[in-house]
Number of protein chains: 4
Amino acid sequence: MILGDNQYGKAETHVVRVTKSGARHELKDLNVSVALAGDFAETHMTGDNSKVVPTDTQKNTVFAFAKEPIGEIEDFAIRLARHFVGEFASVYRARVSIEEFGWERIHDHAFVRAGSEKRLTTVTCTDDGTWVVGGIGDLVVLKSTGSEFHGYIKDKYTTLPETRDRIMATSLLAHWRYTGSDIDWRKSFADIRRLLLETFAVKHSLSLQQTLYAMGEAVLQARHEVAEIRMAMPNRHHFAVDLSPFGMDNDNEVFYAADRPYGLIEGTLTRDDAPEPGLAW
Amino acid sequence: MILGDNQYGKAETHVVRVTKSGARHELKDLNVSVALAGDFAETHMTGDNSKVVPTDTQKNTVFAFAKEPIGEIEDFAIRLARHFVGEFASVYRARVSIEEFGWERIHDHAFVRAGSEKRLTTVTCTDDGTWVVGGIGDLVVLKSTGSEFHGYIKDKYTTLPETRDRIMATSLLAHWRYTGSDIDWRKSFADIRRLLLETFAVKHSLSLQQTLYAMGEAVLQARHEVAEIRMAMPNRHHFAVDLSPFGMDNDNEVFYAADRPYGLIEGTLTRDDAPEPGLAW
Amino acid sequence: MILGDNQYGKAETHVVRVTKSGARHELKDLNVSVALAGDFAETHMTGDNSKVVPTDTQKNTVFAFAKEPIGEIEDFAIRLARHFVGEFASVYRARVSIEEFGWERIHDHAFVRAGSEKRLTTVTCTDDGTWVVGGIGDLVVLKSTGSEFHGYIKDKYTTLPETRDRIMATSLLAHWRYTGSDIDWRKSFADIRRLLLETFAVKHSLSLQQTLYAMGEAVLQARHEVAEIRMAMPNRHHFAVDLSPFGMDNDNEVFYAADRPYGLIEGTLTRDDAPEPGLAW
Amino acid sequence: MILGDNQYGKAETHVVRVTKSGARHELKDLNVSVALAGDFAETHMTGDNSKVVPTDTQKNTVFAFAKEPIGEIEDFAIRLARHFVGEFASVYRARVSIEEFGWERIHDHAFVRAGSEKRLTTVTCTDDGTWVVGGIGDLVVLKSTGSEFHGYIKDKYTTLPETRDRIMATSLLAHWRYTGSDIDWRKSFADIRRLLLETFAVKHSLSLQQTLYAMGEAVLQARHEVAEIRMAMPNRHHFAVDLSPFGMDNDNEVFYAADRPYGLIEGTLTRDDAPEPGLAW
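Residues numbered from 1 in each chain as written. Chains lettered and ligands numbered in written order. Predicted model: local features only at pLDDT ≥ 70, side-chain atom pairs only at ≥ 80, totals over all residues.

### With respect to the overall build of chain A
Stage number 1. The number of helices and strands found in chain A is five helices and eleven strands.
Stage number 2. Dimensions of chain A, computed from C-alpha atoms along their principal axes, come out at roughly 75 × 60 × 40 Å.
Stage number 3. Put simply, 64% of the contacts in chain A that link residues at least 6 apart link residues at least 24 apart. (Helix = DSSP H or I, 4+ residues; strand = E, 2+ residues; numbered from the N terminus. Contact = placed C-beta atoms within 7 Å.)

And the structure:
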């Protein structure tokens, strides 16, 4: 019997940090998950916890570290991950994942949630290095034209008609691996988000795969601090409703937005001179 | 045995309508639910469906009606509800509820979802009248100061310390009853949303009830087309983390955002000259 | 401006109670929500909380009351509701709603969750009386035959073919009003659940309305402690897949289980000699 | 720019199969996801779809294959995966994942859902082989004693008190890799489920890691067709409520069931003579 890959930690510590400069407040709303790997065979085999950092302590550490200015989530995750690796001999690898929720200001000290879109990071640290992955999740986009799908394989189970015009919609989940850990995270994130949105909007699409590739390519071409980008794009099908039984045509005007099943397109693009991923993923 | 209140219908027909003016497209993203009441005792008691409009037909009707310009959701719901009452002798009352999801333009024909916030309406029609209720849901707001809570009853189960400064956060669900059915819905909704946000932000709060009342009052004072407003405000507790075990103070800077349990404050405000609600609710 | 209906309380206090008789443990897993109404105009209008029982205290009270043997959830809710009304002059009406989650024993002190099905109660108390509503939620049932649907109205939007054989599936939510508050709750619940399941299974169905009615009728006929029953039954559509493009027939064998839209059938049955509902609902 | 790992397919085709032996019906309720990898660079780079099997066709294939007796989900997934690899030159690897939902019989042709627990499989096929992974998800278990946690590292952020008695609860997600593809799947699954439950219940626990290890060990020791097992166990914290402010003690009787944050323990056990995993994961 071999104990293989294992890790443990506190997931989803939801911390809100308020920073006050006089009457004007700033807000950080973060969901922080910690996962530690290392010399933990004994707790598995005998229940000896002498090398275990309790997940409750990990939670406390997140809160205590939030007392200092948080800054960008990538930096906050780096500080946390380095702490766990540096402080505890039994911890070989610490991985800290953060979701950041956006808020829009409506007043000096009042805010409204900016939607379901989330900024993401996952930072992995060992004594040998730090790997930073950025990301964005639940970015829901739709284009009402500029999307075709045809020329595919037909077999005896094929019933889908070819189309020269359809709605294309997805909820993007993207993670990208940075080449370093000393980067202008805020600017990088903002640019990547903009590039993803613009390419989705502008690139004429013959398949969701082509759109995914173009979006990744745009990021890698413009942002040299990104070595690799991984994307998952569910195809949120919008089917043109057949209105002919009611004596109406439907020139891509009325759509039924389906829940399930959905296509799911996943792909990775890597810069050809990208450094090795190491423990990033 | 008496058959009491009953209704049936098709819930959650998710229709997306694209309107094209040359290259520039407009998008309506609606989740439509229909509920009919009337002379339906026979299907309950004998399974005789001769007076039943199938829910599948209701769904088709939603799609067919979406072929014409949708306009504001209140008008679309009125047209649908009147159709069911007018067309079918067995239908005494039709109620159409719509959720509208917001999208922000990123291109002539591309959009990004504007968040979880939803615009709502419920329209009820009979031969005798039309009642329109507007609403907003999942409007998540937070103020980082300007909220106190003290002076409450203490009994043997009370452990909550009084506070002169806390975070106040909620996810507002509000429905308001209109006095008529011929109103500038778009402007009314925009103004009500603005009033709700502004009052939440600006009104110094001694209790979530006081905030709720002030928000409703602001709407009723400014918008004379609104007869009544009903609000539900979960208290999304943000607890200041006790950092003293770590030798730190916490001057309302670091908060733990709790999921459950949560306070739930519900209240109704009515204009003193409001017309009778009739079948609005 | 008139302050109309209002209430407030602590929602979703999730309490687990373990009772130990030697090595053999019993488990109660409850989600408790409290809502109080009464003399609370001042907190709304001026923020004067001197008549307010904090929701935090309500939560503490739930936990403290759980120290005593809980018994059936209806009794636990009665004790809690009477406490709030009896203890606090400002509380005119207390309503306590409980969801109970089932667990199956796998060992003296180990259990596995018995599914998503929930036992429900809502108890309302004032100085003048106690009203008890029982219920069941998320009871998902399916019959693979014994269901027809035909003879309905056809109009220009009708495309649904009639059927003499279909799957009928629903997720039942039922609430029933008891005639009193001194009832063998456990036995009553078990019998009602059994009657609902049996009737769903055995009653040949010409419409979901007919099934709903038969289920309610079976309960009212057999359980005289029930005055009224309210049911909501979403029609979880299972559409027979058209396999003819693949040269196959489909004799109600292969179904696509759809998510949305869904039919929603709601109905109430009342015993003709039922006492007035009072504040039960 | 290098196109790295990529796959696409139809996710969550929800198919229900009814099999009729006279009046007695059998039910299979499956959620099927397909993912294909292969020679798909062209659709990414140019939108040339000539090697693409549309996800719509994949969905149709699932339905068409469900016309034949489904048998165990592992076999159904094998048939589907082999079809995609065998039929299409561009498909190098097909992965089919299935969730099976349980139903309990209440009648010859009526059923009630058996809970949120799911049986899982993921089958991967190429021309070179077939890899089968079994699994179970959302298996929620709780033990009310027989769990301790102490002897862990204390640092300046540690506040957790040691305990000799606590509730331990989790929602198990387990996947296990089979050594072959010709196995009595039904018996293997039933035995593994039983072993997981029994070990959770009986094994005295000094840490959730120890419990996870013991559960995996029990499976590997008893079921030689299993080469490896991977488990994820969120620690669903049940905190004993401090009743001392109310003058009560709490001898592990009254617990608050917390939602977030939660511990998350993940681990893998492998038989020392296990064959290589190949493309199983």
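### Section: the relation of the copies chain D and chain C
Stage number 1. Expressed as a screw operation, the relation of chain D to chain C combines 0.0 Å of axial shift with a rotation of 180°, fitting to an RMSD of 0.0 Å. Both chain copies can therefore be described as sitting about a two-fold axis. In terms of proximity to the rotation axis, the leading residue of chain D is G115 of chain D, whose C-alpha is 1.6 Å off the axis. (Least-squares fit on C-alpha atoms with pLDDT ≥ 70 in both.)

### So, the relation of the copies chain A and chain D
Stage number 1. Laying chain A over chain D is done by rotating through 180° and shifting 0.0 Å along the axis; what remains is an RMSD of 0.0 Å.
Stage number 2. Looking at the interface residues of chain A, 100% of them are also at the interface in chain D, so both copies use one shared face.

### What about the nonpolar core?
Stage number 1. In terms of nonpolar packing, the biggest core is built from 335 residues, with V141 of chain A, V141 of chain B, V141 of chain C together with V141 of chain D touching the most fellow members.
Stage number 2. Excluding residues that lie within four positions of it along the chain, V141 of chain D makes contacts with A110, F111 and V112 of chain C together with A169, T170, L172, L197 and F200 of chain D. (Core = buried A, V, L, I, M, F, W, Y, C linked by C-beta atoms within 7 Å. Buried ≥ 20, exposed ≤ 12 C-beta atoms within 10 Å, placed from the backbone.)

### Points about the pairing of strand β6 (residues 129-143) of chain A
Stage number 1. Of all 15 residues in β6 of chain A, twelve are buried, a share of seventy percent or more.
Stage number 2. Relative to β6 of chain A, strand β5 (residues 110-126) of chain A runs antiparallel, the two sharing nine bridges. For T122 of chain A, the partnering residue across the bridge sits in β6 of chain A and is V133 of chain A.
Stage number 3. In this antiparallel pair of consecutive strands, β5 of chain A and β6 of chain A, the connection spans two residues.
Stage number 4. The sheet contact formed by β6 of chain A and strand β5 (residues 110-126) of chain B spans three bridges and is antiparallel. Note that in β5 of chain B the partner of L142 of chain A across the bridge is F111 of chain B. (Pairing = 2+ DSSP bridges.)

### Observations concerning the packing of helix α4 (residues 185-202) of chain C against helix α5 (residues 208-222) of chain C
All names here are of chain C.
Stage number 1. Taken N-terminus to C-terminus, the directions of α4 and α5 make an angle of 145°; their axes are 9 Å apart at the nearest point. By crossing handedness, the relation of α4 to α5 is classed as right-handed. Together, D191, I192, L195, L196, T199 and F200 of α4 and T211, A214, M215, A218, V219 and A222 of α5 make up the contact between the two elements.
Stage number 2. The residue makeup of the contact of α4 with α5, split by class, is nine nonpolar, two polar and one charged. (Axes fitted to C-alpha atoms, helices over the stretch in contact; angles between N-to-C directions. Left-handed = near helix turned anticlockwise from the far one by under 90°. Nonpolar A, V, L, I, M, F, W, Y, C, P; charged D, E, K, R; others polar.)

### Things to note about the interface of chain D and chain C
By a widespread convention, an interface's size corresponds to the accessible area lost as its parts come together.
Stage number 1. Contacts between chain D and chain C engage 45 residues on the former and 45 residues on the latter.
Stage number 2. Those elements that provide at least two residues to the side of chain D that touches chain C are β2 (13-21), β3 (24-38), α2 (55-65), β4 (91-107), β5 (110-126), β6 (129-143), α4 (185-202) and β10 (254-257) of chain D.
Stage number 3. For the side of chain D that touches chain C, the element with the most residues is β5 of chain D, which contributes seven residues.
Stage number 4. Here the residues of the side of chain D that touches chain C are counted per class, giving 29 nonpolar, eleven polar and five charged.

### What about the domain arrangement of chain A?
Residue and element names in this part refer to chain A.
Stage number 1. Splitting chain A by domain gives domain 1 (1-127) and domain 2 (135-281).
Stage number 2. Of all the secondary-structure elements, those providing two or more residues to the side of domain 1 that touches domain 2 are α3 (73-87) and β5.
Stage number 3. The element best represented in the side of domain 1 that touches domain 2 is β5, accounting for eight residues.
Stage number 4. Looking at the side of domain 1 that touches domain 2, its residues break down into two nonpolar, four polar and seven charged. (Domains from an automatic or database assignment.)

### A few points about the pairing of strand β8 (residues 226-235) of chain D
Residue and element names in this part refer to chain D.
Stage number 1. Most of β8 is tucked away: nine of the ten residues are buried.
Stage number 2. The sheet contact formed by strand β7 (residues 168-178) and β8 spans six bridges and is antiparallel. Directly across from R177, in β8, lies its bridge partner E228.
Stage number 3. Note that β8 and strand β11 (residues 262-270) share eight bridges and pair antiparallel. What sits directly across from N235, in β11, is G263.

### A few points about the interface of chain A and chain D
Stage number 1. On the chain D side, the residues contacting the 65 residues of chain A number 65 residues.
Stage number 2. For the side of chain A that touches chain D, the secondary-structure elements that each account for two or more residues are β1 (2-11), β2 (13-21), α1 (41-45), α2 (55-65), α5 (208-222) and β11 (262-270) of chain A.
Stage number 3. No other element matches the ten residues that β1 of chain A contributes to the side of chain A that touches chain D.
Stage number 4. Bridge count for β1 of chain A against β11 of chain D is eight bridges, and the pairing is antiparallel. What sits directly across from K10 of chain A, in β11 of chain D, is G263 of chain D.

### Here we look at the environment of E12 of chain B
Residues and elements named next belong to chain B.
Stage number 1. Summarising the element assignment, E12 is placed in the loop between β1 (2-11) and β2 (13-21).
Stage number 2. For E12, a count of 17 C-beta atoms within 10 Å corresponds to the partly exposed category.
Stage number 3. Separated by 94 residues in sequence, E12 and I106 have C-alpha atoms that sit 27 Å apart.

### As for α3 of chain A
Structurally, the α-helix is built with 3.6 residues per turn, so residues lying three or four positions apart point the same way.
Stage number 1. For α3 of chain A, with 15 residues, the first-to-last C-alpha span of 21 Å sits near the 21 Å given by 1.5 Å per residue.
Stage number 2. The inward-facing, buried residues of α3 of chain A contact β3 (24-38), α2, β4 (91-107), β5, β6 and α4 (185-202) of chain A. (Expected span 1.5 Å × (residues − 1).)

### Points about unusual backbone geometry
Residues and elements named next belong to chain B.
Stage number 1. In the segment running from R260 into P261, the intervening peptide bond is cis, with an omega of -10°.
Stage number 2. Summarising the element assignment, P261 is placed in the loop between β10 (254-257) and β11 (262-270).
Stage number 3. One non-glycine residue, N252, lies in the positive phi region at around 55°.
Stage number 4. Its place among the elements puts N252 in the loop between β9 (238-240) and β10.

### Thoughts on the environment of L196 of chain A
All names here are of chain A.
Stage number 1. Among the structural elements, L196 can be located in helix α4.
Stage number 2. Judged by the 23 C-beta atoms lying within 10 Å of it, L196 falls in the buried class.
Stage number 3. Sequence spacing of L196 and L212 is 16 residues, and the spatial spacing of their C-alpha atoms is 9.1 Å.
Stage number 4. Not counting residues up to four positions away in its chain, the partners in contact with L196 are L172, A174, M215 and V219.

### Regarding the confidence of the model for chain A
Low-pLDDT stretches of the model should not have their predicted coordinates read in fine detail.
Stage number 1. Of the residues in chain A, 100% have a pLDDT of 70 or more, and the chain-wide mean is 97.
Stage number 2. Interface confidence for the predicted complex, expressed as ipTM, amounts to 0.97; the pTM equals 0.98. (pLDDT = per-residue confidence, 0-100.)

### Let's talk about helix α2 (residues 55-65) of chain B
Stage number 1. The element α2 of chain B is extensively covered by neighbouring structure, given that ten of its eleven residues are classed as buried.
Stage number 2. Within the span of α2 of chain B, buried status applies to T55, D56, T57, Q58, K59, N60, T61, V62, F63 and A64 of chain B.

### Here we look at the environment of G71 of chain A
Stage number 1. Structurally, G71 of chain A is set in the loop between α2 and α3.
Stage number 2. A C-alpha to C-alpha distance of 53 Å links G71 of chain A and K154 of chain A, two positions 83 residues apart in sequence.

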